[in-house]
Amino acid sequence: MFGLSPEWLLDDGGRPIADALVLSHPDQLDRLAAACPEAAHTAVLGGDPCFDRILAALPRRDAFRRAFGVRVGQRLLVLNSTWNPTSLFGDGGPDDVLPLLLSRLPELPLDEYRVAVVLHPNVWHGHGPGQVRLWLDGARRAGVTLVDPVADWRQALVAADAVVGDFGSVSYYAAAIGTPVLLAATGPSVIDDGSQVAAFVRSAPKLDPYAELGPQLEELIAKGEVPPSPAELTTSAPGGSAALLRALFYRVLGLPEPAAPALLDLLPLPAHQPPAVTAPVRVLTRVGADGAVEVRRFAAARHEPAGPGAAHLVVPEDTLDPGALALADVIVRHGGADDPRLGPPALWAGQTLSRHRSCTLAVQVTGAGTCTVRHRSGAELELAGASDGIDPAAAASALLAAGPVPGVLVVRSGGTVHRVTVTAAR
C-alpha cells in the first residue's frame, strides 16, 4: 500500500521512522492500522494544505482562465497523468491510450476547446524535458499548452471545465472541487482496492479511446456528474490544515505557538499563456440568413472536417512545413504593429500576397482581440473585438467568408456570438 505499508514507515528494527505521520482524513487511520499497526500511534490528522490552497483559489477562477488564454465560449480541457508505468503517460494499462487520445485532439474545434497538459514532475525528470516536449510536439503545434508541473498545475485545475486523466491525485483533486473527470487509465494493478482512490476510479466515467472525443466531452460536461467521495474524503478539515500543521510542528519542537493566525500562501496568478498554433488550420465557414458567420476551426486536422460550410486553409507564417504556405488561403503571423523586428503590417501583407499567389488574405494578429488584414482585392482593414472574445485569426476567417467590407462582423462559434468591428486601415 503506497505510503502506508511497513516498508515505507518502519526502520530496519521495526520502529516507526517518523514521530508524526500526517493524514488528511480519518478514513486513512483505519487503513494505516490495518496495513502497519506498529505506526498507527504516530498518526495525526492535519488536513491537506495543497487542497486548501486550491479551495482558497476558487474565487479567482476567471483570472486563471484568462491567464491560460481561455476565451469566451471556450472550455478548458486539462489532460493529466501521474508517473506510474500504468498511468496515462505510461502505457495506460491494457491499451496504449495516450497515442489514441492525442490523435483525437484535432477533432476538437479550436474556438470551443482550449487544451492544457499537466504531467507529474517525475515524468519530466524521468524522461527529460526535451523528450517530453518531443513526444507532445504535434499537440503543442496544434495549440496545446504544457503546464508547469510545480508552479501552475493547481491553477489549471481551478480553471478547468473538464479533466481527462488517470488514477493520480490531480484527477482526484479535480473531482473534489466538482470538475467532471473522464478516466483514461485506471491503474488496476497498482492501487489498493480498499482505498478512496480505488472507490473513485470505480465510479468515475471512463474514456473510450476508440470513439470520437468531442461527444464524450460534451456528455461529460452536460451531465456535470462527479462522484461524491473525493469531496468527502480528501480532507476532514477543509481550510484548516495551516492551523493543524503549525500546532503539530510547534508541539514537536516543544515551543509555544505564535498567536497570529496560521496562513497558507495564495496560489500566484500564472503568466499569460495563450495558445500558440503553428500547425495548419482547416476552417469551415457558413453565412447565415441573419448575416452572421459561423466559424469552426480545426488545427492539425488529418482529414477535411465534417459539417456544412465552405472550407479554407489557414497557415501560420512560422509553420513547421513552409511548403504548406503554398496551399494557404489565409496566412497569419503574430506581432504588434509597432514591433521593429516585423516592420509595417501593410508591407508584410503586400509581400506575402505577392509571394504566395494562392493566398487571398494576409493577417497580422496585433493583440488579444485585434488584427490587420489585407485582401487580394486590395482592401486593407483592421478588426477589433473583445480581448477575451473570438480569436482574431478566427474573425479574419469570418471576414473572408463575409467579404472585406467595413462594418460590424457578427461571428458565431460554438454557440457563442461575437461582434467584431471592421474599419479601414489607417
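Conventions and cut-offs
Residues numbered from 1 in each chain as written. Predicted model: local features only at pLDDT ≥ 70, side-chain atom pairs only at ≥ 80, totals over all residues. Heavy atoms only, no water. Pairing = 2+ DSSP bridges. Helix = DSSP H or I, 4+ residues; strand = E, 2+ residues; numbered from the N terminus. Axes fitted to C-alpha atoms, helices over the stretch in contact; angles between N-to-C directions. Contact = heavy atoms within 4.5 Å. Phe/Tyr/Trp six-rings, centres within 6.5 Å; stacked < 30°, edge-to-face > 60°. Buried < 20%, exposed > 50% of the residue type's maximum accessible area, 1.4 Å probe, protein only. Patch = residues over 30% accessible without salt bridge, like charges linked within 9 Å, V, L, I, M, F, W, Y side chains within 5 Å. Areas by Shrake-Rupley, 256 points an atom, 1.4 Å probe, with all protein chains shown as cover. Salt bridge = Lys/Arg side-chain N within 4 Å of Asp/Glu carboxyl O. Core = buried A, V, L, I, M, F, W, Y, C linked by side-chain atoms within 4.5 Å.

Q: Run through the sheet that holds strand S13 (residues 370-375), naming residues and quoting values.
A: Two modes of strand pairing occur in sheets, parallel and antiparallel, and in both the strands are linked by backbone hydrogen bonds. Taken in spatial order, the nine strands of this closed barrel run S8-S9-S15-S16-S14-S13-S12-S11-S10, and their pairing is mixed. Sheet twist, expressed as the average angle between the axes of neighbouring strands with direction ignored, equals 30 degrees. Examined bridge by bridge, strand S11 (residues 330-334) and strand S12 (residues 361-365) share five bridges and lie parallel to one another. Directly across from Ile331, in S12, lies its bridge partner Ala362. Its contacts with the sheet place helix H15 (residues 345-355) against S11, S12, S13 and strand S14 (380-384), and it is angled at close to 145 degrees to S12.

Q: With reference to specific residues and values, describe the sheet that holds strand S4 (residues 113-119).
A: Taken in spatial order, the five strands of this open sheet run S5-S4-S3-S6-S7, and their pairing is parallel. The outermost strands of the open sheet, each flanked by one partner alone, are strand S5 (145-146) and strand S7 (181-183). In terms of strand pairing, strand S6 (residues 162-165) meets S7 through three bridges, oriented parallel. When the sheet's bridge partners are listed, Gly165 is paired in S7 with Leu183.

Q: Which residues make up the packing of aromatic side chains, and what are the values?
A: Per the stated rule, a full pass over the model turns up four aromatic pairs. Judged by centre distance (5.8 Å) and plane angle (10 degrees), the rings of Phe51 and Tyr173 are stacked. Of this pair, Phe51 sits in helix H3 (residues 49-57) while Tyr173 is found in helix H10 (residues 169-176), placing the two residues 122 residues apart along the sequence. For Phe51, a relative accessible area of 4% puts it in the buried group. Put simply, the rings of Phe51, Trp153 and Tyr173 pair up and form one aromatic cluster.

Q: Describe a nonpolar patch on the surface, with residues and values.
A: There is a patch of nonpolar side chains on the surface, built from Phe2, Trp8 and Trp83 and spanning about 420 Å² of accessible area. Mapped onto the secondary structure, Trp83 falls in the loop between strand S3 (75-81) and helix H5 (97-104). For Trp83, a relative accessible area of 46% puts it in the partly exposed group.

Q: Which residues make up the nonpolar core, and what are the values?
A: Within the largest apolar cluster, 36 residues are counted, with the highest numbers of intra-cluster contacts made by Ile54, Trp153, Leu157 and Phe200. Those elements that provide at least two residues to this core are H3, S3, S4, helix H9 (153-159), H10, S7 and helix H11 (196-203). In terms of residue count, the dominant contributor to this core is H10 (six residues). Not counting residues within four places of it along the chain, the set of residues in contact with Ile54 comprises Trp153, Arg154, Leu157, Val158, Tyr173, Ile177 and Leu267.

Any functional reading would require information beyond the geometric quantities listed.
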